[in-house]
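# Examining the three-dimensional arrangement
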Number of protein chains: 2
Amino acid sequence: MSAEALLKVSADIERMMREFNIRPLDELKDRFPPNELLDLGILVAHRDFDKILDEYANGQKFAIVSGRGPSGPLHLGHILIFSIVKRLQDLFDVEVYIPLSDDEKLVFGKIKDLNEGEHWAFDNARYILALGFNPKKTKIYISSKTKWVYRYALKIARKLTLSAVKSAFGIDDSINPGVVFYAAVQIAHILQPEFDKGIRTVVPIGFDQDVYMRLSRDVAERLGVPKPASLYVRFFPGPRWEPMSSSAPETSIFVTDPPEEIWRKIMRAFSGGRPSVEEQRVYGGNPENCVIYEWLKFFIFKNSRESKKFAEECRSGFLVCGFDCKVIMALHLIKLTEELRKKAEKIDIEKYLWYGD
Amino acid sequence: MSAEALLKVSADIERMMREFNIRPLDELKDRFPPNELLDLGILVAHRDFDKILDEYANGQKFAIVSGRGPSGPLHLGHILIFSIVKRLQDLFDVEVYIPLSDDEKLVFGKIKDLNEGEHWAFDNARYILALGFNPKKTKIYISSKTKWVYRYALKIARKLTLSAVKSAFGIDDSINPGVVFYAAVQIAHILQPEFDKGIRTVVPIGFDQDVYMRLSRDVAERLGVPKPASLYVRFFPGPRWEPMSSSAPETSIFVTDPPEEIWRKIMRAFSGGRPSVEEQRVYGGNPENCVIYEWLKFFIFKNSRESKKFAEECRSGFLVCGFDCKVIMALHLIKLTEELRKKAEKIDIEKYLWYGD
């Protein structure tokens, strides 16, 4: 992705924010407990989170729902989202629900059968839980194996039409009926805390997933439950700017990648550096158009003071990609993935696994 | 329905039999244990039941699947189908699976929620089981509450397309996604014995439901399991020839109808009688175009000798609708429904209720 393409994306996001009533999160900065997510611009926008905070101030908890379609190993993008969810759980002391949508992966043909989905569900669950979720307030479930997903999806399906689902997702009649029904299933995951406990759901998502939120909100309104709120996460790029995707290994760093693979992918990542070290020392780098700088924000910097300091040192030519930032990043990720693998092995999934009450 | 309309229906059936390879059941008469179902023309046609009988002769059992969408009390049409199923269970000593499709009724908007579906599921189950199914070989289940329906439906959905489902059922994009997904759910009910036990399914149905069988067979082939077979039940008319329908009470006699209601509906039913008793005595009635004669076949006659004798006595003017046939039928149905209600009260559903193995 070029700088122009990025500008276009951010223009799209601005248009989308206006059109769909998504607000900058900065406006709520003072109402959050102290945290780095807003300070570093990791969480950038919200819809209705002000209402959540109003209720929270009155002692009303909310629930966070954040899922994963289990069809392969987790990559850094997933780790990142779940790290944000875990951080939000700590900040607000709230329940987290983690749907593992084997059903989604099956109907979209990403796994050959539900057994394969279950294999990846357990694998992924271990890594997600290794991030340190509170066992008393975290429920993880395999979507096709619960008592309630299908039943809630049926009730939701009644409030949708084929034409609405088809136009929302840009699909046609060549797809299978599981794909359109999955729209209702995903909404069931989102609305479940509202159905079961009468508490509001908050979903941390990327802007590109907002269509699911809008459908969920329409359905919530028709079913007479509060509309779920959302928090929008800054775009997290892969090594070559395109989003990380499990189906294109070169775009992603996986938690299962060995150290040399992580090193190689990071050294080859697009950065804001100059063609040569000499030039970079003289003219400085460009942190505004640098994958590594983005990653440092997500993984290394503690606050905006630190991120500004790095940016200045980059622009001044003091930092050099291959000697500094890429090395910091690579060593950090090698350590992080190694530790996660160790913790993942020891996770007792049964403590978190849930089929419905 | 007039006699001409009936002729058209039977022409449609003949065309359908040719086009979709449905064969007259008479050709298998000698391979059935002695029974009245073929003799009286209650079961009239089949697809692949010859293969079932071949396997059966080699010691391979089959399973019968016959369901009901629980959205109101059962009417005689339902009692009739399940009586046939029970009779087939006795004749062949085979397992019977009875899906109660609350999911179907919900997505088609026939019930307001799944609780209402469950209420009717239990009600209907009692009456069905009161017909005397073998508790060791009969499993009844509420579709949305099993462990497996949703999972099997997902795997089936992958083998269908929206366009195939839409054209099979003549639906458009204004319907909800639950309706198209239900095509996969119904196929899951039918194929479950093949998936779970590797035994063939036989479904007793009306000709008008054959589209589900054809879809099920396509899917079975794509999933590499044997294609389910079907047995076609003669059309069972309501008091005014149109099919009995729960949503139009005057078309149906319900198991819950009090005696005076049954009496009234039967006395008002279309029969092959003459405008006056005198004319009927002189010119005779017409059993070929008589709802009551159809019902006698399904409920009263023991064999074709008896049905022929009644037809002759009708044509000769010896029998008169309001003095003879209607009275016989009304008294029989009043007794049958009364006995069923008593037995239904005593049924221990838990002995039959099943959620999956």
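All of these numbers come straight from a predicted model, not from anything done at the bench.

Reading guide: rules and limits
- Residues numbered from 1 in each chain as written.
- Chains lettered and ligands numbered in written order.
- Predicted model: local features only at pLDDT ≥ 70, side-chain atom pairs only at ≥ 80, totals over all residues.
- Contact = placed C-beta atoms within 7 Å.
- Helix = DSSP H or I, 4+ residues; strand = E, 2+ residues; numbered from the N terminus.
- Nonpolar A, V, L, I, M, F, W, Y, C, P; charged D, E, K, R; others polar.
- Least-squares fit on C-alpha atoms with pLDDT ≥ 70 in both.
- Pairing = 2+ DSSP bridges.
- Axes fitted to C-alpha atoms, helices over the stretch in contact; angles between N-to-C directions.
- Buried ≥ 20, exposed ≤ 12 C-beta atoms within 10 Å, placed from the backbone.
- Right-handed = clockwise from strand over helix to strand, strands pointing away.
- Expected span 1.5 Å × (residues − 1).
- Domains from an automatic or database assignment.
- Parallel < 35°, antiparallel > 145°, perpendicular 65-115°, else oblique.

### Here's the deal with the interface of chain A and chain B
Chain A puts 29 residues into the contact, and the matching count from chain B is 29 residues. Sorting the residues of the side of chain A that touches chain B by element identifies helix H5 (102-107), helix H7 (149-157), helix H8 (162-169) and helix H9 (177-197) of chain A as the ones contributing at least two each. Residue contributions to the side of chain A that touches chain B peak at six residues, all from H9(A). Of the residues that constitute the side of chain A that touches chain B, the class distribution is 15 nonpolar, seven polar and seven charged.

### Things to note about the relation of the copies chain A and chain B
Once chain A has been moved 0.0 Å along the axis and rotated by 180°, it coincides with chain B to within an RMSD of 0.0 Å. Taken together, the rotation angle and the small translation identify this as a two-fold axis. The residues that chain A uses at the interface reappear at the interface of chain B in 100% of cases, marking a shared surface.

### With respect to the sheet that holds strand S2 (residues 43-47) of chain A
One key point about sheets: their strands pair by backbone hydrogen bonds, in either a parallel or an antiparallel sense. All names here are of chain A. Pairing in this open sheet of seven strands is mixed, and the strands run S1-S2-S7-S6-S3-S4-S5 from one edge to the other. At either margin of the open sheet sits one strand with a lone partner, and together these are strand S1 (23-24) and strand S5 (138-142). For strand S3 (residues 63-65) and strand S4 (residues 95-100), the ladder comprises three bridges, and the chain directions are parallel. What sits directly across from Ile64, in S4, is Val96. Across the sheet, H9 is in contact with S3, S4 and strand S6 (201-205); its angle to S6 comes to roughly 155°.

### Side note on the pairing of S4(A)
Residue and element names in this part refer to chain A. With five of six residues buried, S4 lies mostly within the body of the structure. The parallel pair S3 and S4 is bridged by helix H4 (residues 76-92), and the resulting crossover is right-handed. With five bridges joining them, S4 and S5 adopt parallel strand pairing. Pairing of Leu100 across the sheet is with Ile142, part of S5.

### Some remarks on the sheet that holds strand S2 (residues 43-47) of chain B
Residue and element names in this part refer to chain B. One open sheet holds the seven strands; their spatial order is S1-S2-S7-S6-S3-S4-S5, and the pairing between them is mixed. Two strands in the sheet have a free side with no partner beyond their single neighbour: strand S1 (23-24) and strand S5 (138-142). Bridge analysis of S1 against S2 gives two bridges, and the strand direction is antiparallel. Paired with Arg23 across the strands is His46, a residue of S2. Against the sheet, helix H4 (residues 76-92) contacts S2, strand S3 (63-65), strand S4 (95-100), strand S6 (201-205) and strand S7 (229-233), and its axis sits at roughly 145° relative to S6.

### Some points on helix H10 (residues 210-223) of chain A
Residue and element names in this part refer to chain A. With 14 residues, H10 extends 20 Å from end C-alpha to end C-alpha; this agrees with the ideal 20 Å at 1.5 Å per step. Looking only at H10, the buried set comprises Asp210, Met213, Leu215, Ser216, Arg217, Val219 and Ala220. Downstream of H10 by one or two residues, Gly224 has phi in the positive range, about 75°.

### Here's the deal with the domain arrangement of chain A
Residues and elements named next belong to chain A. Its domain assignment divides chain A into domain 1 (3-240) and domain 2 (249-343). A separation of 28 Å is found between the C-alpha centroids of domain 1 and domain 2. Listed by partner, the interface residues are 18 residues for domain 1 and 23 residues for domain 2. Of all the elements in the fold, those that place two or more residues in the side of domain 1 that touches domain 2 are helix H2 (36-39) and H4. Of the residues belonging to the side of domain 1 that touches domain 2, the class tally is 13 nonpolar, two polar and three charged.

### Brief notes about the packing of helix H7 (residues 149-157) of chain B against helix H9 (residues 177-197) of chain B
Residues and elements named next belong to chain B. Running from N to C, H7 and H9 cross one another at 105°; their axes reach a closest spacing of 8 Å. Comparing their axes, H9 and H7 come out roughly perpendicular. Here H7 contributes Val149, Tyr152, Ala153, Ile156 and Ala157 to the contact with H9, which in turn contributes Phe181, Ala184, Val185, Ile187, Ala188, Gln192 and Phe195. Residue composition of the contact of H7 with H9, grouped by class: 11 nonpolar, one polar and no charged.

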